Amino acid sequence: MPEGKIIKALSGFYYVLDGEEVIQCRGRGVFRKRKITPLVGDSVVYQAEKPTDGYVIEIKDRKNELVRPPIANIDQAILVFSAVEPDFSTTLLDRFLVAIEDNEIEPIIIISKIDLVVEAKKASLDQYMRDYQEIGYTVIKTSSITSDGIEALLPHLAGKTSVFAGQSGVGKSSLLNTINPELSLETNDISSHLGRGKHTTRHVELIHVGSGLVADTPGFSSLEFMDIEVERLAYCFPEIYQAGEKCKYRGCLHDKEPKCAVKEGVAQGEIPSYRHKHYLQILEEIKDRKPRY
Ligand code: GDP
Ligand code: ZN
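Parameters at a glance
- Residues numbered from 1 in each chain as written.
- Chains lettered and ligands numbered in written order.
- Predicted model: local features only at pLDDT ≥ 70, side-chain atom pairs only at ≥ 80, totals over all residues.
- Heavy atoms only, no water.
- UniProt positions renumbered as here; feature names shortened; annotations may be inferred.
- 1 Å grid on protein atoms, 1.4 Å probe; cavity = no way out; pocket = protein on both sides within 12 Å on 5 of 7 lines; lining within 4 Å.
- Points joined across faces, edges and corners; volume = space filled by probe spheres on them.
- Helix = DSSP H or I, 4+ residues; strand = E, 2+ residues; numbered from the N terminus.
- Nonpolar A, V, L, I, M, F, W, Y, C, P; charged D, E, K, R; others polar.
- Buried < 20%, exposed > 50% of the residue type's maximum accessible area, 1.4 Å probe, protein only.
- Polar contact = N/O pair within 3.5 Å; in protein donor to acceptor, adjacent residues only side chain to side chain.
- Contact = heavy atoms within 4.5 Å.
- Phe/Tyr/Trp six-rings, centres within 6.5 Å; stacked < 30°, edge-to-face > 60°.
- Lys NZ or Arg CZ within 6 Å of the ring centre and 35° of its normal.
- Near = heavy atom within 4 Å.
- Areas by Shrake-Rupley, 256 points an atom, 1.4 Å probe, with all protein chains shown as cover.
- Donors = N, O, S within 2.8 Å, 3.2 Å for Na, K, Ca; no water.
- Tetrahedral: all angles 85-135°; square planar, octahedral: opposite > 155°, others 65-115°.
- Pairing = 2+ DSSP bridges.
- Right-handed = clockwise from strand over helix to strand, strands pointing away.
- Domains from an automatic or database assignment.
- Buried area = accessible area lost by both parts, 1.4 Å probe.
- Salt bridge = Lys/Arg side-chain N within 4 Å of Asp/Glu carboxyl O.

For the protein chain, an unreviewed UniProt entry supplies the name Small ribosomal subunit biogenesis GTPase RsgA and the organism Peribacillus loiseleuriae. We quote the UniProt Subunit (unreviewed entry) comment for the protein chain here in full: "Monomer. Associates with 30S ribosomal subunit, binds 16S rRNA." Per UniProt, the protein chain carries the Subcellular location (unreviewed entry) text "Cytoplasm".

Shown next as structure tokens:
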């Protein structure tokens, strides 16, 4: 039985990509009985009725699943942060990273619009870049004007399903258009300030970008961490998690506890102090949350 990947779901049809072909499939009633709805990104088994038409008959187990946009089996999140306009913010970057790490998705950090960086800001930006690289993240500087960094990004997209994330206006659409000019995605210039486009909900679709698939709708727009357990937060800061293995107390939250290896690491300059600060800020948010029941 042939297998493929759902790249679009619309009006009761699932568009299944198998090699180069897209087969327009209907779902079989069996999904409704099992209360499982096929999602974009699902790996499925289908039955072809005609070369272009068929039925989805089985959904393979998902490795992950996002609610917004509704999409399954994401390999990585490409996190776009502009160097300027808006200014690079590690506070916001760390919040996005927590959301991504919590979903067990691999992040790639892009610092965009580097053509706009003035000489005086270059050193501090490079220091941030090194900090995140030392944690183990891939960081790529890009410009959609000069095409800097595009070559470096392409191999990361190849053969993968990616979701782009990041604030509005950081250059996500411009980046995708630079990679694939024929996409002609609408960018966030004057026209979108007139109130059309971006706010209307629409279906999500996986599009070919480079030699990979990318969701045409950005993800991780909600950065409220209502569901993260206090003990799990450190797990979303890899270097804090790693240092935390050596804390004196089991279950150390790296806050007020004595003999905390994380605080020691910060004092020694091994862990950037701003990372620990952001960890503590989010920890407070999680502790303060109102019980939901
Ligand atoms: P999105 O909301 O993240 O998709 O951002 P857009 O791609 O719509 O870009 C927002 C604005 O930033 C637009 O006016 C773009 O022309 C501009 N922009 C995007 N990328 C770059 C870049 O690399 N360099 C410069 N100078 N401007 C950029
Ligand atoms: Zn500790």
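Q: What is the right way to read the layout of surface pockets from this model?
A: In this approach the atoms are scanned with a rolling probe the size of a water molecule, which exposes any empty space left behind. The space that makes up the second largest pocket amounts to roughly 420 Å³. Surrounding the second largest pocket, 15 residues form its lining, Ala99, Asn103, Phe220, Ser222 and Glu224 being those nearest its centre. Contributions of two or more residues to the lining of the second largest pocket are made by strand 6 (65-66) and helix 2 (90-102). Looking at the lining of the second largest pocket, its residues break down into 7 nonpolar, 3 polar and 5 charged.

Q: For this particular structure, what's the right way to read the side chain of glutamate 239?
A: With respect to the helices and strands, glutamate 239 occurs in helix 7 (residues 238-244). Judged by its relative accessible area of 11%, glutamate 239 is buried. Polar contacts involving the side chain of glutamate 239 include one to the side chain of arginine 275, which spans 2.7 Å. In this view, glutamate 239 contacts Ile135, Ile271, Pro272 and Arg275; residues no more than four positions away in its chain are not counted.

Q: Looking at this model, I keep getting lost on the packing of aromatic side chains. Mind explaining?
A: Counted by the stated rule, this structure contains 8 aromatic pairs. Measuring from centroid to centroid gives 5.4 Å for tyrosine 128 and tyrosine 274, while their planes differ by 85°, and the two rings are edge-to-face. Of this pair, tyrosine 128 sits in helix 3 (residues 119-135) while tyrosine 274 is found in helix 9 (residues 273-288), placing the two residues 146 residues apart along the sequence. The class of tyrosine 128 is partly exposed, set by a relative accessible area of 28%. Exposure remark for tyrosine 274: the relative accessible area of 16% places this residue in the buried category. For the ring pair tyrosine 235 and tyrosine 241, a centre distance of 5.7 Å and an interplane angle of 85° mean the geometry is edge-to-face. One aromatic cluster is present, formed by Phe81, Phe88, Phe96, Tyr128, Tyr132, Tyr137 and Tyr274 through successive ring pairs. Here the basic side chain of lysine 8 rests over the ring of tyrosine 15, its NZ or CZ set 4.9 Å away from the ring centre. Positioned above the aromatic ring of tyrosine 55 is the side chain of arginine 28, whose terminal nitrogen or guanidinium carbon lies 4.0 Å from the ring centre.

Q: What exactly am I supposed to notice about the site of ligand 1 here?
A: By nearness alone, 17 residues border ligand 1, and Ser144, Gly169, Ser173, Ser174 and Asn188 come closest of all. At 3.0 Å from an oxygen atom of ligand 1 is found a main-chain nitrogen or oxygen belonging to glycine 171. Here lysine 172 contributes a backbone N or O atom positioned 2.8 Å from an oxygen atom of ligand 1. Within the complex, the protein chains bury 82% of what would otherwise be the 580 Å² of accessible surface of ligand 1. Split into classes, the residues belonging to the shell around ligand 1 amount to 3 nonpolar, 10 polar and 4 charged.

Q: Just to check I follow, could you spell out the environment of threonine 187 for this structure?
A: Positionally, threonine 187 belongs in the loop between helix 5 (172-179) and helix 6 (190-193). For the pair threonine 187 and glycine 171, spaced 16 residues apart in the sequence, the C-alpha separation amounts to 7.8 Å.

Q: In this structure, what is going on with the coordination of the zinc ion (ligand 2)? I would like to understand it.
A: In a perfect tetrahedron of four donors around a metal, the angles come out at 109.5 degrees. In a perfect octahedron of six, they are 90 or 180 degrees. At the metal site, the zinc ion (ligand 2) is ligated by Cys247 (SG), Cys252 (SG), His254 (ND1) and Cys260 (SG), and these contacts range over 2.1 to 2.4 Å. Coordination at the zinc ion (ligand 2) is tetrahedral, judged from the 4 donor atoms that bind it and the angles of 101 to 115° they form at the metal. Along the chain, the residues donating to the zinc ion (ligand 2) fall in the pattern C-x4-C-x1-H-x5-C. In this structure, cysteine 252 and histidine 254 share a single accessibility class: buried.

Q: Even after reading the chapter, I still don't get the pairing of strand 10 (residues 138-141), so can you show me in this structure?
A: Across 4 bridges, the pairing between strand 9 (residues 106-112) and strand 10 is parallel. Counterpart to isoleucine 111 in the pairing with strand 10 is lysine 141. In this fold, strand 9 hands off to helix 3, which returns the chain to strand 10; that crossover is right-handed.

Q: Where do I start with the domain arrangement of the protein chain in this structure?
A: A common way to express how large an interface is: the accessible area buried when the components associate. As far as domains go, the protein chain holds domain 1 (3-61), domain 2 (66-215) and domain 3 (230-288). Computed over C-alpha atoms, the centres of domain 2 and domain 3 are 27 Å apart. Taken together, the 14 residues of domain 2 in the interface contact 14 residues of domain 3. Here domain 2 and domain 3 share an interface that buries about 1,200 Å² over both sides, 54% of which is from carbon and sulfur atoms. Among the residues of domain 2 in contact with domain 3, Asp94, Val98 and Ile135 are the three that bury the most area, contributing 38% of the side total. Linking domain 2 with domain 3 are 4 salt bridges. Of the charged contacts in the structure, one is a salt bridge between arginine 232 and aspartate 102, with a shortest N-O distance of 2.7 Å. At the junction of domain 2 with domain 3, the criterion picks out 8 residue pairs in polar contact (both at pLDDT 80 or more). Elements represented by at least two residues in the side of domain 2 that touches domain 3 include exactly helix 2 and helix 3. For the side of domain 2 that touches domain 3, the per-class residue count stands at 6 nonpolar, 2 polar and 6 charged.

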